[in-house]
Amino acid sequence: MRDDSPNTSRPERTEHVGPAPTAAAGTDRQISAGLGPASIDHKRSVAAEVRGLGRDSHAWFGLALLAGLVVSVAYVSTHPYPAYGAGLYLEIAEQIRTDGYALPTTIPYYSGGIPFAYPPLQFYVVALLTDLGVSGLTVSRILPAVVTILYLVPYYGIATRLLPTRRQAGFATLVLAVTPPVLQWHLSAGGIVRASAFLLALCGIYAGTRVFIDSDWRWVGVGTIFFALTILSHPVYTVFFGLSWLILYAAFDRSVRGLVGGAVVAVGGLVVASPWWMQVVSRHGVQVFTGAAGSHSGIAGGLGRLLDQFVYPFDPTVVTVFFVASFASALVLVARKKYVLPTWLFLSAYVLGKERFQFVAGAMMISTVFFAIAVPRLAETLRGTFDTRQTMAATFALVLVCAFSLGGFYAGSELGSAHHGSPSLPPFFDDDDRRAMEWAANHTDGDATFVVLSDAAEWFPHYTKREILVGPWGVEWVSPESYYDQLSAFKEGSSCKNESCLIESMTSVGASPEYLYVPVGTYTIRGLEADGTRELRASLAESNRYRRVYGNRGVVIYRIVHSENSTAD
């Protein structure tokens with residue numbers, strides 16, 4: 001067993017604050033953004049007394065992979081329908097496949113048709129899988145679950161470069177594997193794009209640690225490839241990639257050579273991806289990109305962004321524990337004059353406005369504070385009182401049970417109030433929706449138009465090949481104004497209690513549909529549970545403008561009769 005004393009293992013890395021020295025060939029420069037093991041007054045530190053979990057052990061990484069597997073299995077086994085939406089993504093992949101793998105110009109059925117300006121790489125992956133006979137529904141359930149395990153590998157690599165010990169790196173990976181804000185957007189259906197983009201970005205960021213920490217310039221080429229692949233996967237993850245490289249450069253290098261290396265990656269990635277973005281610009285103009293950048297809260301965002309990322313997450317749920325732990329750990333590191341990880345967390349949150357990016361740095365900070373401060377202090381408190389080895393082994397076991405349980409329960413939608421009082425990872429549609437969609441596909445004209453209340457709207461066009469007139473999906477590529485107008489109309493209409501409210505919401509975006517799709521019972525609006533539409537359906541029944549043409553336990557479809565003299569069934 002390796003002694004856990006700081007003096008008998010690999011040297012602790014110290015944070016670099018000046019120009020980077022030149023590393024000799026083959027030298028592994030030890031530079032840490034975290035806290036090293038505490039110096040304590042006994043020969044063997046407590047973690048060394050827990051066999052197999054010493055500071056240089058890969059065991060914690062193995063546990064992190066196991067946690068990722070548990071989370072993924074829990075999700076797949078409890079979700080016959082995937083969480084959230086990927087109907088638009090599957091429709092894009094289908095359009096690519098049916099067009100002979102050429103880039104489509106527009107994607108039909110969504111709010112009058114949307115310009116196709118999405119980075120296409122992951123849609124080609126989905127198109128290939130469906131061409132091989134895998135159903136789109138299966139892809140949207142299984143692919144994200146697999147990738148959420150795979151991206152733990154490059155993350156561990158990054159953590160080993162930034163933290164003093166493998167144990168800290170492995171535990172940080174375990175934390176990331178079970179963190180709800182990370183799982184929310186990667187394990188769910190949209191993970192067919194987002195989780196894959198996260199995997200590519202983390203691979204590229206690992207290359208950045210090799211360039212700026214190790215001065216190994218061979219990794220510039222690797223970084224260029226992964227930057228290009230990230231550009232071709234998702235715009236927000238592209239920004240995260242670039243921001244992370246800038247932070248690594250500023251923290252660990254700051255040399256002219258490092259600046260040139262970063263520029264090579266940036267320019268090289270854009271050049272490799274140019275066949276896609278040049279074709280999009282030629283079809284839709286550069287404004288299709290600049291406009292989309294102003295939607296989904298945009299880049300940075302003033303005081304509102306600070307509140308969204310650092311105040312509102314304290315909504316008291318079990319998920320709050322992760323924010324409290326990461327923010328508290330950031331304060332500890334700042335007090336110890338370790339600024340890299342807190343800066344990475346803050347800038348990722350503020351610039352991108354997506355909570356999931358906080359925890360790339362946040363998980364590392366939680367880990368480094370846990371092992372450098374919390375565990376040694378607990379060991380000192382217990383020493384001489386209990387059997388230290390057994391007590392600390394029990395403590396580690398308890399931490400693991402809590403982590404595995406929380407990740408599994410979250411993935412299995414067993415946390416009833418995980419997000420603003422709503423369950424974790426709810427599906428947007430179910431068997432009743434599928435039957436209603438089959439009816440719409442088989443019993444309405446091909447050019448029929450719908451307004452679909454509830455999040456089932458995101459999946460509706462893909463399964464019916466009928467157009468929805470209200471919904472924000474993909475509209476960011478039209479303009480930010482159109483996106484926010486559609487988002488407002490969708491949220492308002494899906495929560496209306498009477499006909500006049502519904503008409504007002506549809507009129508706000510000029511929607512005049514032939515059919516209205518109304519959920520019965522519990523449904524979701526932008527992922528949050530709603531209580532039902534009983535009052536709305538009673539109001540529609542009293543009107544002579546709506547004729548019920550289909551119904552089951554979960555959905556009612558009305559044909560909208562525009563003649564004031566018509567009568568309802």
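Rules behind the numbers
- Residues numbered from 1 in each chain as written.
- Predicted model: local features only at pLDDT ≥ 70, side-chain atom pairs only at ≥ 80, totals over all residues.
- Heavy atoms only, no water.
- Helix = DSSP H or I, 4+ residues; strand = E, 2+ residues; numbered from the N terminus.
- Polar contact = N/O pair within 3.5 Å; in protein donor to acceptor, adjacent residues only side chain to side chain.
- Contact = heavy atoms within 4.5 Å.
- Patch = residues over 30% accessible without salt bridge, like charges linked within 9 Å, V, L, I, M, F, W, Y side chains within 5 Å.
- Areas by Shrake-Rupley, 256 points an atom, 1.4 Å probe, with all protein chains shown as cover.
- Salt bridge = Lys/Arg side-chain N within 4 Å of Asp/Glu carboxyl O.
- Buried < 20%, exposed > 50% of the residue type's maximum accessible area, 1.4 Å probe, protein only.
- Phe/Tyr/Trp six-rings, centres within 6.5 Å; stacked < 30°, edge-to-face > 60°.
- Lys NZ or Arg CZ within 6 Å of the ring centre and 35° of its normal.
- Pairing = 2+ DSSP bridges.
- pLDDT = per-residue confidence, 0-100.

### Quick look at the side chain of Gln168
On the secondary structure map, Gln168 appears in helix α7 (residues 166-178). A polar atom in the side chain of Gln168 sits 2.8 Å from the backbone oxygen of Leu35. Residues contacting Gln168, with those up to four places away along its chain left out, are Leu35, Leu163, Ser367, Thr368, Phe371 and Ala372.

### Side note on a nonpolar patch on the surface
A cluster of nonpolar side chains, namely Leu66, Leu69, Val70 and Val73, defines an oily patch on the protein surface of about 310 Å² accessible area. Its place among the elements puts Leu66 in helix α2 (residues 59-78). Judged by relative accessible area, Leu66 falls into the partly exposed class, the value being 41%.

### Regarding the packing of aromatic side chains
Applying the stated criterion to the full structure yields 42 aromatic pairs. Look at Phe240 and Phe357: their rings are 4.8 Å apart centre to centre, the planes differ by 35°, and that puts the pair in the tilted class. Of the two residues, Phe240 is situated in helix α11 (residues 235-252) and Phe357 in the loop between α17 (340-352) and α18 (358-382); the sequence distance between them amounts to 117 residues. For the pair Phe240 and Phe357, one class covers both residues: buried. Here the aromatic cluster, defined as three or more aromatic residues joined through ring pairs, consists of Tyr89, Phe116, Tyr118, Phe123, Trp276, Phe289 and Trp477. Directly above the aromatic system of Tyr463 lies the positively charged group of Arg434, at a separation of 4.2 Å from the ring centroid.

### Here we look at the pairing of strand β9 (residues 555-560)
Of all six residues making up β9, five are buried, and the element is well covered by its neighbours. Alignment of strand β5 (residues 515-519) against β9, held across five bridges, turns out to be antiparallel. Across the sheet, residue Pro519 finds its bridge partner in β9, namely Val555. The sheet contact formed by strand β8 (residues 546-551) and β9 spans five bridges and is antiparallel. Residue pairing for β9: Gly551 is matched across the bridge by Val556.

### Some points on the confidence of the model for the protein chain
Confidence in the prediction for the protein chain averages 88 pLDDT; 87% of positions are at 70 or higher. Confidence drops under pLDDT 50 across residues 1-29; counting only partners more than four residues distant or on other chains, this segment forms 78 contacts.

### As for unusual backbone geometry
Although it is not a glycine, Tyr109 adopts a positive phi angle of roughly 80°. By the element assignment, Tyr109 lies in the loop between β1 (106-107) and β2 (114-115). In this structure, Leu425 is a non-glycine residue whose phi angle is positive, near 50°. Topologically, Leu425 is positioned in the loop between α19 (388-411) and α20 (431-443).

### Brief notes about the sheet that holds strand β3 (residues 449-452)
Sheet architecture is open: five strands sit in the order β4-β3-β5-β9-β8, paired in mixed fashion. Every interior strand has two partners, whereas the edge strands, β4 (467-468) and β8, have only one. In the sheet, β3 pairs with β4 via two bridges, with the strands oriented parallel. The partner of Phe450 across the bridge, within β4, is Ile468.

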